[in-house]
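Spelled out, the chains give:
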Amino acid sequence: FYASAGINDIAFNSDGSRIVTANEDGSAQIWDAATGSELMTLAGGANYLKAAAFSPDGPRVATVGYDGILIIFDAATGRELLSINASTDNEVVDLAFSPDGRRIATTAYNSAASVWDADSGAQLLTLSAEQVTNFTSIAFSPDGQQLLTSGFDGSATVWEAATGLEVVTLYGHTDIVNDAAFSADGTLMATASSDGTA
């Protein structure tokens, strides 16, 4: 794959046949995973995209970037379906679809994360933790019942996805936690930090 610019994020669709890249020039590109050929370029809106993902059922692609705008596209045609101002004052750095594709979560460098209706664009809830300087990543649990965020303060936090209530905050790293993920069965979590530990 030779993207149009530096690549900040990459993701497969659910059946592994396509790949989307989020590029530093503000574009997202969809690729054939078997051949490496470019299928289409999406105008992501930002001049610097940070994340891109396919919806679990495959027909949509979402992008976010430093302009704070979340855009959802038709993955087959490239047509823009929805544009959401996900952050008015800070860069949006990560996104995640819920397992059923009905919600999408975003996190920005402003100590807040949000969950949106992926069809209407309505904001469903906001997560806010006073102790987290900035959120760096967000993920849904496999059953869609919880969210996992990581932060600049070296923590990771689990939230109820329906209510936004904090379940538990985990500490132990001595530097920024750059990413956090659930295991496939949702019983374990993994964190990756700038302190060199996972």
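Below or above, wherever it landed, is the structure these notes cover. (Residues numbered from 1 in each chain as written. Predicted model: local features only at pLDDT ≥ 70, side-chain atom pairs only at ≥ 80, totals over all residues. Heavy atoms only, no water.)

1. Observations concerning the sheet that holds strand E5 (residues 49-54)
- On the basis of which strands lie adjacent, the open sheet formed by four strands has the order E5-E6-E7-E8 and antiparallel pairing. Since the sheet does not close on itself, it has two edges, and those belong to E5 and strand E8 (80-85), each with one partner. When strand polarity is set aside, the average angle formed by the axes of neighbouring strands in this sheet is 15°. (Pairing = 2+ DSSP bridges. Helix = DSSP H or I, 4+ residues; strand = E, 2+ residues; numbered from the N terminus. Axes fitted to C-alpha atoms, helices over the stretch in contact; angles between N-to-C directions.)

2. Concerning the packing of aromatic side chains
- All chains considered together, the criterion is met by two aromatic pairs.
- Pairing Phe135 with Trp159 gives two aromatic rings, centres 6.3 Å apart and planes at 75°, and the pair type is edge-to-face. On the criterion of sequence distance, the pair formed by Phe135 in strand E13 (residues 135-140) and Trp159 in strand E15 (residues 156-160) is long-range, its members being 24 residues apart. Across this residue pair, the class does not change: Phe135 and Trp159 are buried. (Phe/Tyr/Trp six-rings, centres within 6.5 Å; stacked < 30°, edge-to-face > 60°. Buried < 20%, exposed > 50% of the residue type's maximum accessible area, 1.4 Å probe, protein only.)

3. Notes on a nonpolar patch on the surface
- A surface patch of nonpolar side chains, amounting to about 280 Å² of accessible area, comprises Val167, Val168, Leu170 and Met189.
- The dominant element in the nonpolar patch, judged by the number of residues it contributes, is strand E16 (residues 166-170), at three residues.
- By the secondary structure assignment, Val168 is in strand E16.
- The class of Val168 is partly exposed, set by a relative accessible area of 34%. (Patch = residues over 30% accessible without salt bridge, like charges linked within 9 Å, V, L, I, M, F, W, Y side chains within 5 Å. Areas by Shrake-Rupley, 256 points an atom, 1.4 Å probe, with all protein chains shown as cover. Salt bridge = Lys/Arg side-chain N within 4 Å of Asp/Glu carboxyl O.)

4. Focus: the layout of surface pockets
- The space that makes up the largest pocket amounts to roughly 640 Å³.
- Asp9, Asp94, Leu95, Ile138 and Asp179 are, among the 32 residues lining the largest pocket, the residues nearest its centre.
- For the lining of the largest pocket, the per-class residue count stands at 20 nonpolar, eight polar and four charged. (1 Å grid on protein atoms, 1.4 Å probe; cavity = no way out; pocket = protein on both sides within 12 Å on 5 of 7 lines; lining within 4 Å. Points joined across faces, edges and corners; volume = space filled by probe spheres on them. Nonpolar A, V, L, I, M, F, W, Y, C, P; charged D, E, K, R; others polar.)

5. Describing the sheet that holds strand E11 (residues 112-117)
- Reading across from one edge, E9-E10-E11-E12 is the order of the four strands in this open sheet, with antiparallel pairing throughout. Of all strands in the sheet, those bounded by a partner on one side alone are strand E9 (92-97) and strand E12 (123-128). Sheet twist, expressed as the mean angle between neighbouring strand axes with direction ignored, is 20°.
- Where E11 meets E12, five bridges bridge the pair, whose relative direction is antiparallel. Note on E12: the bridge partner recorded for Trp116 is Gln123.

6. Quick notes on the nonpolar core
- Residues Ala62, Val64, Leu70, Leu95, Phe97, Ile104 and Trp116 are the most contacted members of the largest nonpolar core, which totals 16 residues.
- Where this core is concerned, the elements lending two or more residues are E5, strand E6 (60-65), strand E7 (69-74), E8, E9 and strand E10 (103-108).
- Leave out the neighbours within four places in its chain, and Phe97 touches Ala53, Phe54, Ser55, Pro56, Arg60, Ala62, Arg103, Ile104, Ala118 and Phe140.
- If you look at the next biggest cluster of nonpolar residues, it comprises 14 residues, including Ala52, Phe54, Val61 and Phe73. (Core = buried A, V, L, I, M, F, W, Y, C linked by side-chain atoms within 4.5 Å. Contact = heavy atoms within 4.5 Å.)

7. What to know about the pattern of salt bridges
- In the structure shown here, the tally under the stated rule is one salt bridge.
- The closest approach of N and O atoms between Arg60 and Asp119, which form a salt bridge, is 3.6 Å. Of the two residues, Arg60 sits in strand E6 while Asp119 sits in the loop between E11 and E12, which places them 59 residues apart along the sequence.
- By relative accessible area, which is 60% here, Asp119 ends up exposed.

8. Some remarks on the pairing of E11
- Pairing analysis gives six bridges linking E10 to E11, with the strands arranged antiparallel. If you follow Ala108 over to E11, its bridge partner there is Ala112.

9. Thoughts on the environment of Asp67
- You can see Asp67 is positioned in the loop between E6 and E7.
- Overall, the relative accessible area of 32% leaves Asp67 in the partly exposed class.
- On a C-alpha basis, the gap between Asp67 and Gly26 in space is 9.7 Å, while along the polypeptide they are 41 residues apart.
- Looking at Asp67, its side chain comes within polar contact range of the main-chain nitrogen of Ile69, at 3.0 Å. (Polar contact = N/O pair within 3.5 Å; in protein donor to acceptor, adjacent residues only side chain to side chain.)

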